[in-house]
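Single-letter residue listing:
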Amino acid sequence: MTEQTAPKSPVTTEQFIEEIKEQLKYNQGVTVEQATDADIYVASSLAVRRHLMDSWTTTQKDTVEGNTKAVGYLSAEFLMGKQLRNALLNLGMLSEFDDAVKALGHDPQLVVDAEYEPGLGNGGLGRLAACFIDSLASLGVPAFGYGIQYKYGIFKQEFDAEGKQVERPDYWLANEEPWGHIDYNRSQKVSFGGSVVEEDGKKVWKPAWSVRAVPVDYMVPGYASGRVNTLRLWSAKSYDEFDLLTFNKSEYLDAVKPQVEAENISKILYPEDSTPQGKRLRLEQQYFFVAASLHDAIRVFYPGQDKPDLTTFPNKITFQLNDTHPVIGIPELMRILIDEYGYDWNTAWDITTKTFNYTCHTLLPEALEVWPVDLISELLPRHMQIINEINDHFLEELKGLTRDKERINRMRIVTEGDYPQVRMAYLATAGGSHVNGVAELHSQLLKDVTLRDFSDLFPKKFTNVTNGVTPRRFIRLANPRLSALITEGLGTDKWLSDLELLQGLAPLANDDEFVKKFAEVKHANKVAFANFAKDRYGFDANPDTMFNTMVKRLHEYKRQSLKILALIARYAAIKNGTINADDVLPRTVFFGAKAAPGYYMAKLTIQLINNVARVVNNDPDVKGKLAVHFPANYNVRLAQHLIPATELDEQISQAGKEASGTGNMKFALNGALTVGTLDGANVEIRERVGAENFFLFGMTVDEVDALYEEGYNPAKYYEADPRLKMAIDMISNGTFSDGDRNTYAPLVADWLTKDYFMTLADFTSYADIQYQIEDLYRNPMEWNRKAILNVANTGFFSSDRSMEDYLERIWHTGPLA
Ligand code: Z15
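Definitions and limits used
Residues numbered from 1 in each chain as written. Predicted model: local features only at pLDDT ≥ 70, side-chain atom pairs only at ≥ 80, totals over all residues. Heavy atoms only, no water. UniProt positions renumbered as here; feature names shortened; annotations may be inferred. Helix = DSSP H or I, 4+ residues; strand = E, 2+ residues; numbered from the N terminus. Rg over C-alpha atoms; globule rule 2.2 N^0.38 Å. Contact = heavy atoms within 4.5 Å. Expected span 1.5 Å × (residues − 1). Buried < 20%, exposed > 50% of the residue type's maximum accessible area, 1.4 Å probe, protein only. Pairing = 2+ DSSP bridges. Axes fitted to C-alpha atoms, helices over the stretch in contact; angles between N-to-C directions. Parallel < 35°, antiparallel > 145°, perpendicular 65-115°, else oblique. Left-handed = near helix turned anticlockwise from the far one by under 90°. Nonpolar A, V, L, I, M, F, W, Y, C, P; charged D, E, K, R; others polar. Phe/Tyr/Trp six-rings, centres within 6.5 Å; stacked < 30°, edge-to-face > 60°.

Labelled according to an unreviewed UniProt entry, the protein chain appears under the name Alpha-1,4 glucan phosphorylase, originating from Bifidobacterium vansinderenii. In the Cofactor (unreviewed entry) part of its UniProt record, the protein chain is described as follows: "pyridoxal 5'-phosphate".

As structure tokens, then:
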């Protein structure tokens, strides 16, 4: 990317004040005196949107009329986070906004807080999609994000009196939402069910019901690129014509029922993260947004054409399938080409395979979606025929490539037997040009294990693109103090569009003055977070202790349990004097995690963490030495506050289970050191920052495999390390459940008898490395030198670089001229 300096504001503060006033008057209908923070938020957002409008229109026009192939990023999730400050940054208006809002008598922070965060994603996968579209716009690449405008986003998490997770609906659209532009005139019809009949030797789908997919458009402003792309999120509306036959015969309410049900399609985001549920409504959602998006792309790129030449479609747009969720797009494009436009099979297949590429985001085989043939046949009968035909053609093709019948059988897209299923990852691999994993290790394991047969026969399809994060949101907006120091250190702010420039900070790790300034920035961030936490959650965090954070979805493979066991062991050691009180390095541990509502073990782990926090924080014996906080409802906003204040980050998944991780990148870029396993992108982070600047522990992928192989017995580890035994015993004897020995029995039983993710086997090395961590922390200059080297050496993990890799290796396109 060609680096840019910060854009210059299109308005003066005085002009912006007038623009806000105008919106208050003509949109909000309130006087300046009456205006609440929320009014100011809406008015300034609308004013900001107007400044993006010209670039948005020209970008759309250039996208359609230019000769640059566009990118369509198909994703069931876009976890955008708040919009206002991001738009201001990209327009160069941050300080004009602050000054204007103050002049109007409001606190800028309260005004941006009035924005309700759109939680249209679960975790890493959805946030990655948001970072990617930010980077595409910043690179000036024509691109569309395509997804669903869920009426209810990821649930709001609360904790009850017992520390259990309670899920509350996230009805974000109940608030005024100035960013989404609903465009009724560009809706698409999406149909379901019914049957397929033969007419004139052609297969004709006679669907039973349809919904109207209405686009809601969000601007995606690039940083200093002058480009504004589009995120098009589909919302399901019913058609107003309803079944008059039913109406005449029976009841009005019966007649409107299908209409009401149609709107359910985009009502709620599924709260499972990397554990598919296989529910019918979910498949309806997937088909709904993918079908609407493909038709939309044809409308956009062949305006007004009845008989477009769709053999040029792959030159107009390339579609990236974000995980298996949008893979039904492959048979849908085949259906559009054959049934709607009359192409023959081979031409349609050629267009389709050139159009799609697939990104896999997991290593857990059980996390790859499979849909029962029965369900697809019922919901999308024509698609099931096409999938069967794809399967037949594919098996034929395989016969030409290998004589290994077993291998061919293993590669079936549609399985055999009484309950045949469609393996969506296989369909995606067969039906697209490229397959990529999201970190080096993950891509390697994909080739060697998960999609082994495919990579053996189609080695050229497979590639890696290591994930990245946007430095605009996660450094500049989240950490203004560090941003200013980086700019000071480098003598330029161009790093925001060319993050490898951070390398220029490496020599400053030896400059004591700079190291002190860096330490001051971190301390100021800790103080700011402590104030935020007090204000927002009501707890006191002492900024003069080490801030140690583990934030991510709650999942057994991520091993929050390892962290909590080590923490309990530490608590016990301080309490019973195993460690001399003066030798204890004061630590404050922060957790943030949502569990899927139906994931029992994950929810029990949340309850345990909350109760450990309660006991530890109320125990005078460890006061000032150890504190644990678990702010509820971890989301993008909390990430933006907590990451800059963190000194030690936890990335402790079992090796070979976390595909990449992206939190790891955000923390390193904000000057935290990582304690982590050789998993996902940790491997690449450690390579770049240097082994001496990363706290590595635990088994490798090979060691994990060998241990599974020889037969894993967790109880052995419980017996072998007294610290571990003590921790587990305290949980079983009711220390964290008011004496009740049953509360956590399922967790304890699992650890001692199964422990699939080998938490116990990694405990000792994890507990041991804490001494190294604490020794280093006692030497602030050395700790901060290493932290600076983490910042300096992780510029690679910008999502701008990820996008450049996709452009070069997969999409073969680039910026608009
Ligand atoms: C999800 O958030 C991820 C993978 C999935 O298969 C699903 Cl369904 C959701 C995550 C990975 O767990 C994480 O390692 C990765 O960094 C992220 O996707 C983005 O690639």
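A. Here's a closer look at the overall build of the protein chain. Check the secondary structure of the protein chain and you find 33 helices and 22 strands. For a compact globule of 817 residues, the expected C-alpha radius of gyration is about 28 Å, and the protein chain comes in at 27 Å, within 12% of that figure. For the protein chain, the spread of C-alpha atoms along the three principal axes comes to 85 × 70 × 60 Å. Here the contacts in the protein chain between residues at least 6 apart in sequence split such that 77% fall between residues at least 24 apart.

B. Structural context of helix H32 (residues 780–792). Taking 1.5 Å as the rise per residue, H32 with 13 residues should run 18 Å; its terminal C-alpha atoms sit 18 Å apart, in good agreement. For H32, the set of buried residues is Trp783, Asn784, Arg785, Lys786, Ala787, Ile788, Asn790, Val791 and Ala792.

C. Structural view of the pairing of strand S7 (residues 195–199). In terms of strand pairing, S7 meets strand S8 (residues 202–206) through five bridges, oriented antiparallel. Considered in S8, the bridge of Val197 is made with Val204. Hairpin remark: S7 followed by S8, antiparallel, with two residues in the connecting loop; positive phi at Asp200, about 50°.

D. Structural detail: the sheet that holds strand S22 (residues 695–696). One open sheet accounts for six strands, arranged S19-S18-S17-S20-S21-S22; its pairing is parallel. The sheet is open, and its two edges are formed by strand S19 (626–629) and S22, each paired on a single side. Pairing geometry for strand S17 (residues 546–551) and strand S18 (residues 587–592), over six bridges, is parallel. Bridge assignment links Val551 to a residue of S18, and that residue is Gly592.

E. Spatial organisation of the packing of helix H1 (residues 13–28) against helix H2 (residues 37–65). Relative orientation of the contacting elements H1 and H2 amounts to 115°, with a least axis distance of 8 Å. It follows from the interaxial angle that H1 and H2 lie roughly perpendicular. Classified by chirality, the crossing of H2 by H1 is right-handed. Packed against H1, whose contacting residues are Phe16, Glu19, Ile20, Glu22, Gln23, Leu24, Asn27 and Gln28, the element H2 presents Asp39, Ile40, Val42, Ala43, Ser44, Leu46, Ala47, Val48, Arg50 and His51 at the interface. Here the residues of the contact of H1 with H2 are counted per class, giving nine nonpolar, five polar and four charged.

F. Examining the packing of aromatic side chains more closely. On inspection of all chains with the given rule, the structure shows 31 aromatic pairs. Ring geometry for Phe313 versus Phe319: centroids 6.3 Å apart, planes at 40°, classification tilted. Here Phe313 matches Phe319 in class, with each residue buried. Judged by centre distance (6.2 Å) and plane angle (25°), the ring pair of Tyr537 and Phe539 falls under stacked. A residue is classified by how much of its surface remains accessible, and Tyr537, at 26% relative accessible area, is partly exposed. Ring pairs connect the aromatic residues Phe144, Tyr146, Phe301, Phe313, Phe319 and Phe356, which therefore count as one cluster.

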